[in-house]
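# Examination of the molecular architecture
One letter stands for each residue in the lines below.
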Amino acid sequence: MLFRSGGSFEDIVGIQKGVGEALGRNVILATEAYEKIYAAESVTGVKANEFIGKMKDVGISTYQASKEMEKVVNSAREMGVNAQAVSKDVVANMDKLNQYNFDGGVEGLAKMAAHAAAINMDMSSTFRFADKVFNPEGAIETAAALQRLGVTQSQLLD
């Protein structure tokens with residue numbers, strides 16, 4: 001047992017391979033990083049190569065990735081939903097982080113994923129709607145539909 005949380009040498013080797021695969025280069029991490037990444041993998045059910053690779057794509061370092069996954073777990077815990085389900089949603093939709101400029105970064109995306117998990121909603125339908133209203137035709141169509149429903153907000157029409 002190499003980690004206080006119960007990890008073994010094989011876990012270190014797996015993390016090392018996963019990080020190298022995700023980054024596309026050979027790196028040797030600090031001892032604390034292995035422990036934090038192992039803990040993140042254990043709690044979230046998402047392998048290091050998945051979450052580190054996705055976070056690298058949005059500009060989050062390997063050393064910061066485990067801290068960001070901790071924020072995801074905390075958001076799920078605050079909402080009382082399954083941390084593994086929320087973590088998988090966050091990692092799967094990490095590319096949306098910069099596209100929609102989430103307030104709070106990963107934590108904002110995690111809160112959205114936690115809310116979606118709480119109401120058993122698929123996040124992809126929310127992103128499809130957002131894509132629709134981000135183009136002028138879709139925004140006009142949506143504003144008109146809301147107006148037909150009785151929503152009269154001048155800012156919506158703008």
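Residues numbered from 1 in each chain as written. Predicted model: local features only at pLDDT ≥ 70, side-chain atom pairs only at ≥ 80, totals over all residues. Heavy atoms only, no water.

### A few points about the overall build of the chain
Counted only if it meets this: Secondary structure elements follow DSSP: runs of H or I of four or more residues count as helices, runs of E of two or more count as strands, with numbering from the N terminus. A simple rule labels every residue: compare its accessible area, found with a 1.4 Å probe on the protein chains alone, to the largest value its type can have, and call it buried under 20%, exposed over 50%, or partly exposed in between. Here, two residues are considered to be in contact whenever any of their heavy atoms come within 4.5 Å of each other.
Helices and strands together make up the secondary structure of the chain, namely ten helices and zero strands. Taking the principal axes of the C-alpha coordinates as reference, the chain spans close to 65 × 35 × 20 Å. Here the chain holds 158 residues, and the buried ones make up 38% of them. Expressed as a percentage of contacts within the chain between residues at least 6 apart in sequence, the contacts between residues at least 24 apart total 52%.

### Points about the nonpolar core
Rules: Side-chain atoms within 4.5 Å link the members of a nonpolar core, which is a set of buried Ala, Val, Leu, Ile, Met, Phe, Trp, Tyr and Cys residues.
Counting 42 residues, the largest nonpolar core has Phe-51, Ile-52 and Val-90 as its most contacted members. Per-element tally for this core: the top contributor is helix 7 (residues 106–118), with six residues. Among residues more than four places away in sequence, those in contact with Phe-51 are Ile-37, Ala-40, Glu-41, Val-46, Ala-65, Ser-66, Met-69 and Val-91.

### Digging into helix 5 (residues 83–92)
Going by this rule: In this context, the arc is that of the directions from the helix axis out to the C-beta atoms. Counted as a polar contact is a pair of N or O atoms within 3.5 Å, where, for protein atoms, one must be capable of donating a hydrogen and the other of accepting one, and residues adjacent in sequence contribute only when both atoms are in side chains.
By the burial criterion, the buried members of helix 5 are Ala-83, Val-86, Ser-87, Val-90 and Val-91. Taken around the axis of helix 5, the buried residues stretch over an arc of 130°, which confines them to a single face. The N-cap of helix 5, judged by a side-chain oxygen 2.7 Å from the amide nitrogen of Gln-84 a few residues on, is Asn-82.

### Topic: the environment of Met-55
As for its position among the elements, Met-55 is in helix 3 (residues 48–57). Note: C-alpha distance between Met-55 and Ala-30 (25 residues apart in sequence) is 19 Å. Every residue in contact with Met-55, bar those within four places of it in the chain, is listed here: Ile-60, Ala-65, Glu-68, Met-69, Met-94 and Val-106.

### Details of the pattern of salt bridges
Oppositely charged side chains may form a pair once their charged atoms are brought near each other. As a reminder of what qualifies: Whenever Lys or Arg places a side-chain nitrogen within 4 Å of a carboxyl oxygen from Asp or Glu, that contact is recorded as a salt bridge.
Per the counting criterion, the structure on display carries three salt bridges. Glu-141 serves as the salt-bridge partner of Lys-132, at 3.0 Å between the closest nitrogen and oxygen. Lys-132 sits in the partly exposed class, given a relative accessible area of 33%.

### Side note on the packing of helix 2 (residues 31–44) against helix 3
Convention followed: In this analysis an axis means a line fitted to C-alpha atoms, helices contributing only their contacting stretch, and an angle means the value between N-to-C directions, from 0 to 180 degrees. Any angle from 65 to 115 degrees is called roughly perpendicular, while one under 35 is roughly parallel, one over 145 is roughly antiparallel, and all others are oblique. Side-chain classes follow a simple rule in which Ala, Val, Leu, Ile, Met, Phe, Trp, Tyr, Cys and Pro form the nonpolar group, Asp, Glu, Lys and Arg form the charged group, and the remainder, Gly included, forms the polar group.
Relative to each other, helix 2 and helix 3 sit at 105°, their axes nearing to 10 Å. Here helix 2 lies roughly perpendicular to helix 3, going by the angle between them. Here Ile-37, Ala-40 and Glu-41 of helix 2 lie close against helix 3, whose contacting residues are Ala-48, Phe-51 and Ile-52. Each residue belonging to the contact of helix 2 with helix 3 can be placed in one class, and the counts come to five nonpolar, no polar and one charged.

### Let's talk about unusual backbone geometry
With a phi close to 50°, Asn-101 is a non-glycine residue in the positive phi region. Positionally, Asn-101 belongs in the loop between helix 6 (96–99) and helix 7. Judged by relative accessible area, which is 65%, Asn-101 ranks as exposed. The phi angle at Asn-120 is positive, at roughly 55°, despite the residue not being glycine.

### As for the packing of helix 4 (residues 62–79) against helix 7
Our working rule: Two helices crossing with the near one rotated counterclockwise from the far one by less than a right angle form a left-handed crossing, whereas a clockwise rotation gives a right-handed crossing.
The contact between helix 4 and helix 7 brings their axes to 9 Å, and the two run at 35°. Like other packed secondary-structure pairs, helix 4 and helix 7 cross with a definite hand, here right-handed. In contact with Glu-68, Lys-71, Val-72, Ser-75, Ala-76 and Met-79 of helix 4, helix 7 contributes Val-106, Glu-107, Ala-110, Lys-111, Ala-114, His-115 and Ala-118. Residue composition of the contact of helix 4 with helix 7, grouped by class: seven nonpolar, two polar and four charged.

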